[in-house]
Amino acid sequence: MSRIGFYRLCLLSGLSIAVLAMPATASAQDAPLPKPTAHEDGHDIIVTAQRRDENLQDVPLSVAVVGKDQLAALKFNETSDLQYLVPSVTLISAAGPRNFGFFIRGIGTSTFSSEAIEGSTAYVLDGVVLGQSGASVTDLPDVERIEVLRGPQGTLFGKNASAGVVNVVTKRPSKEFEGRASVSWAWPDNDRRFTAYVSGPITDTLRFSLSGRRNVRDGYIRNIYDGRKLNNRDEFGFRGKLEYEPSSDLTITAIGDYFKRTSDCCIWTLAEVAGTPIAISPEGKALAAGIVPGRGNLEQNVDGDVFSNARSKGFSLQGDYRFGDGYTLTSITAWRTWQSHDGLDSDSSPDNLLNVNYTDFKQHQFSQELRLASPTGGTIDYVLGAYYFNSDVISHSTQIFNGIPYSFYYRQVRVAAETRNMALFGQANINLAERFKLIAGARVVNERVEAAKNRLDPRYNARDSASAKMDTTALVWRAGAQYDFNKDANIFATVTRGFKGGGFDTNIGNNILRKVAPERPTNYEFGLRTYWPEQRLTLNATFFYTKVSNYQTAGRDPVTSTYPIVSSEAKTRGVEFDAAWRPLDPADLTLTLGGAYVDAEWGNFNYAPCYGGQTTSEGCVLAPGATRSTDVQQDLTGKPLPFSPHWQFNLGGSYGVALSDDLKLRFDLGASYRSEQLIAFPNNPRARQGGYTLVNAAIALAGKDDHWKLSVYAKNLLDKEYAIAMFSTPFGAARSLSQFRPYESRRSIGLSLDVGF
């Protein structure tokens, strides 16, 4: 069957739910069950972590939930903010969206070879998996909640979920008219944000919602060469929903969204200069221009362009048909595209050494999911489904190493890749007794990856090319048991085998497509969930151990100045815990604590690349059979994984007090602690970020029913300077280091006004 024919078949299968359901609804004899909705009531938080609505306390997974109120109170509204809200989560966003990557429990993939290699954490937006990690670099408008599922989630989510899942659920259209708007302005760098949302009924059976936003911020890196302010942003977007509910049996939801970000991003700064550089070197010129290397450095000195422009858009059609005695059939058909046009002066210098390092990247994806959820309460309840995903990626890159008279140091490269993923899946609870159940799930996956690379050097009219394909079939499974002590306490134990498809290292610095094996994690978990109603206290803990074979990791190789994908082993173990307490009833006071201890280390990895300037005494040795002095390696077996602090804590508090019948005052506080961690691959002991605590706070004065709210808020109130990534300085001395500091690594204070009806 042709691809177009398959797309049409999938579309028809999705639409057939609506067509077939209408006559069935009209003739139904039994009163239909109402559709469950996500809500928060007391200690009950409803999530869809297992593809059905469930109380969070009953879900045998490690799930952290970030609600809309928490995001709004402290003005967290970007995907990258999750690292400040959820323990065990870190991320890399140091060189633009193409190498963006979530790390959960120390496991993650961040690579420029994203044409054929995906991240290890699935990002799911309203039921649709995004095939490129960079497509998740966006803001978070009209969000109902964010569920972060930690650990492999291959059974029900399947696609590239070997480290975990970020599941974003946006608001459903409302049955009554409502609207809200917000404007905020923060200093320094004039961080301006504008959002608007409106929702309500069109007819008795048709509802809509529409949101829009605009965010503008000046740059925070000063470029001494010409005075530019780099690492700014200018973005806007919208999301629209139509929800058609002709009866209580059937709901059809159409969603369309668009987002565009334009920025002079993403440039790094000098963190450490080795020795005394000569005056004509990039580092020598930086020092002569007055730049002071170090963690506090927010200055650069380049003469070329710096830009990162991204655009994403998508459309999905979801049908939910409820029939029989509690069955739900769901179809989600989705199309999405993501484009990135990025480049930067990569030589850290006012000279034209590598001013041109540009890429145009385009991805198109189509997905179709069919899912059947059984009623609960019987001996067996289950979720069954089928999934299809197809992604096409084409990138065009140009790199010009000025002054290097060798072939392919002026290269124009076209890379094309196609990924097709098909799966059948199911998960069941076998309720052997009222309080005891077994958990069993499996997913049969077939993934095919094809890639082609064509290179041209127009200076020497030199050409080369490579092509390859890979076809993998895998069995993903989950097994476990859960015991309820009572309605407020339970324990569970599970073992999960995950899978992330293999692919090819599309590195444009060479003429090959190096095979990257599929990533296969095995995860063991033991969890305890408790709620103490008299104390209004929730206490949860999850212990875990994960081993990943063929761990797909990438980082800058200082010898070849490329970013290779390396397959290795990784191990991570630890405990995650959270608590929520409402100590004074009925006072509006809530305290939360989330934390994690994660011990993440390399497994068998005796062929890791050396870091810049690493000596023989520091473990950098010739590889077996090496024929060149640059063929070196180090043994990282048992060494810590980068981007994984041992300790992470998140403390939150919210308190509201009535000043009168029409006025109330609210205080919100959040603190995020991360202990020391390595922030470079390959492991460089000097590329460390010390432990730090970020404090965020807000004071708001609100009117009756929150029809208006005026807030003063602060992020990084203690003005802690930190970096999220370090690497060998391009064109610098071997042991020199550069860093990427995010905007949040300085204190910002702002005002906001929210109105609504």
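Structural notes, computed from the coordinates. (Residues numbered from 1 in each chain as written. Predicted model: local features only at pLDDT ≥ 70, side-chain atom pairs only at ≥ 80, totals over all residues. Heavy atoms only, no water.)

### Details of the overall build of the chain
Part 1 of the reasoning: When helices and strands are counted, the chain shows three helices and 44 strands.
Part 2 of the reasoning: Taken over C-alpha atoms, the radius of gyration comes to 26 Å for the chain, in line with the 27 Å a tight globule of 757 residues would show.
Part 3 of the reasoning: Relative to its 757 residues, the chain shows a buried fraction of 57%.
Part 4 of the reasoning: Sequence separation of 24 or more characterises 68% of the internal contacts of the chain that already satisfy a separation of 6 or more.
Part 5 of the reasoning: Roughly 30300 Å² of accessible area belongs to the chain as shown, and the carbon and sulfur atoms make up 58% of that amount.
Part 6 of the reasoning: In the chain, which carries 79 positive and 80 negative side-chain charges, the distance between the mean positions of the two groups comes to 4 Å. (Helix = DSSP H or I, 4+ residues; strand = E, 2+ residues; numbered from the N terminus. Rg over C-alpha atoms; globule rule 2.2 N^0.38 Å. Buried < 20%, exposed > 50% of the residue type's maximum accessible area, 1.4 Å probe, protein only. Contact = heavy atoms within 4.5 Å. Areas by Shrake-Rupley, 256 points an atom, 1.4 Å probe, with all protein chains shown as cover. Lys, Arg positive; Asp, Glu negative; His and termini not counted. Charge placed at Lys NZ, Arg CZ, Asp CG, Glu CD.)

### Remarks on the sheet that holds strand E10 (residues 164-170)
Part 1 of the reasoning: Strand order in the open sheet formed by five strands is E4-E9-E10-E7-E8, with mixed pairing between adjacent strands. Both outer strands of the open sheet, strand E4 (62-67) and strand E8 (128-129), are each paired with one neighbouring strand and no more.
Part 2 of the reasoning: For strand E7 (residues 121-125) and E10, the ladder comprises five bridges, and the chain directions are parallel. If you follow Val-124 over to E10, its bridge partner there is Asn-167. (Pairing = 2+ DSSP bridges.)

### Here we look at a positive patch on the surface
Part 1 of the reasoning: The grouping of Lys-260, Arg-311, Lys-313 and Lys-362 at the surface amounts to a positive patch.
Part 2 of the reasoning: Checked against the element boundaries, Lys-362 lands in strand E22 (residues 356-373). (Patch = residues over 30% accessible without salt bridge, like charges linked within 9 Å, V, L, I, M, F, W, Y side chains within 5 Å. Salt bridge = Lys/Arg side-chain N within 4 Å of Asp/Glu carboxyl O.)

### Digging into the pairing of strand E12 (residues 191-201)
Part 1 of the reasoning: As defined by bridge partners, strand E11 (residues 178-187) adjoins E12 across nine bridges and the pair is classed as antiparallel. Counted as the bridge partner of Trp-185 is Arg-192 from E12.
Part 2 of the reasoning: In this structure, the hairpin formed by E11 and E12 is closed by a connection of three residues, where Asp-189 is found at a positive phi of approximately 70°.
Part 3 of the reasoning: Bridge count for E12 against strand E13 (residues 206-217) is ten bridges, and the pairing is antiparallel. If you follow Ala-196 over to E13, its bridge partner there is Gly-212.
Part 4 of the reasoning: Counting the residues that bridge the hairpin from E12 to E13 gives four residues.

### Details of the sheet that holds strand E15 (residues 229-230)
Part 1 of the reasoning: Reading across the sheet, the three strands line up as E15-E14-E19 and stay open at both edges, with mixed pairing between neighbours. Edge strands, defined here as strands with exactly one partner in the open sheet, are E15 and strand E19 (299-300).
Part 2 of the reasoning: Here strand E14 (residues 221-223) pairs with E15 via two bridges, running antiparallel. Considered in E15, the bridge of Arg-222 is made with Lys-229.

### What about the state of the cysteines?
Here a disulfide denotes a covalent bond joining the sulfur atom of one cysteine to the sulfur atom of another.
Part 1 of the reasoning: Taken as a whole, this structure holds two disulfides when the rule is applied.
Part 2 of the reasoning: With its sulfur 2.2 Å from that of its partner, Cys-610 forms a disulfide with Cys-620. Of note, the bridge from Cys-610 to Cys-620 carries an S-S torsion of about 100° and is right-handed in sense. Of this pair, Cys-610 sits in the loop between strand E33 (588-602) and strand E34 (621-622) while Cys-620 is found in the loop between E33 and E34, placing the two residues ten residues apart along the sequence. We note that Cys-610, like Cys-620, is buried.
Part 3 of the reasoning: Regarding the disulfides, the chain carries the connectivity 1-2, 3-4 under sequence-order numbering of its bonded cysteines. (Disulfide = S-S within 2.5 Å.)

### Side note on the nonpolar core
Part 1 of the reasoning: Judged by nonpolar contacts, the single largest core of 75 residues is most densely connected at Phe-102, Ile-146 and Tyr-551.
Part 2 of the reasoning: If sequence neighbours within four positions are ignored, Ile-146 has contacts with Ala-64, Val-65, Val-66, Leu-71, Leu-82, Leu-140, Val-166, Asn-167 and Val-168. (Core = buried A, V, L, I, M, F, W, Y, C linked by side-chain atoms within 4.5 Å.)

### Focus: unusual backbone geometry
Part 1 of the reasoning: Residues Cys-265 and Cys-266 are joined by a peptide bond in cis, for which omega reads 15°.
Part 2 of the reasoning: Tracing the backbone shows Cys-266 in the loop between strand E17 (250-263) and strand E18 (269-272).
Part 3 of the reasoning: Residue Phe-681 is joined to Pro-682 through a cis peptide bond whose omega torsion reads 0°.
Part 4 of the reasoning: Inspection of the secondary structure assignment puts Pro-682 in the loop between strand E38 (677-678) and strand E39 (688-689).

### Remarks on the pattern of salt bridges
Part 1 of the reasoning: Evaluated as defined, the whole model comprises 45 salt bridges.
Part 2 of the reasoning: A salt bridge links Arg-222 to Glu-299, with the nearest nitrogen and oxygen atoms 2.5 Å apart. Of this pair, Arg-222 sits in strand E14 while Glu-299 sits in strand E19; the two residues are 77 residues apart in sequence, bridging distant segments of the chain.
Part 3 of the reasoning: A salt bridge links Glu-601 to Arg-573; its shortest N-O distance comes to 4.0 Å. With a gap of 28 residues between them, Glu-601 in strand E33 and Arg-573 in strand E32 (residues 565-581) connect regions that are remote in the sequence.
Part 4 of the reasoning: Taking the relative accessible area as the measure of exposure, Glu-601 reaches 18% and is therefore buried.
Part 5 of the reasoning: When its relative accessible area of 27% is taken as the criterion, Arg-573 is described as partly exposed.
Part 6 of the reasoning: Three or more residues joined by partner-sharing salt bridges are found here, namely Glu-78, Asp-191, Arg-193, Arg-233, Glu-235 and Arg-261.

### Notes on a nonpolar patch on the surface
Part 1 of the reasoning: A surface patch of nonpolar side chains, about 630 Å² in accessible area, is lined by Val-183, Phe-194, Leu-659, Leu-663, Trp-708, Leu-710, Leu-753 and Val-755.
Part 2 of the reasoning: Sorting the residues of the nonpolar patch by element identifies strand E41 (708-715) and strand E44 (748-756) as the ones contributing at least two each.
Part 3 of the reasoning: Turning to its location among the elements, Leu-753 is positioned in strand E44.
Part 4 of the reasoning: Residue class for Leu-753 comes out partly exposed when judged on its relative accessible area of 38%.

### Observations regarding the side chain of Asn-650
Part 1 of the reasoning: Looking at the secondary structure, you find Asn-650 in strand E36 (residues 647-658).
Part 2 of the reasoning: Relative accessible area serves as the criterion here: at 9%, Asn-650 is assigned to the buried category.
Part 3 of the reasoning: Polar side-chain contacts of Asn-650 include one of 2.6 Å to the backbone oxygen of Tyr-84.
Part 4 of the reasoning: At 3.5 Å, the side chain of Asn-650 and the side chain of Arg-674 are in polar contact. (Polar contact = N/O pair within 3.5 Å; in protein donor to acceptor, adjacent residues only side chain to side chain.)

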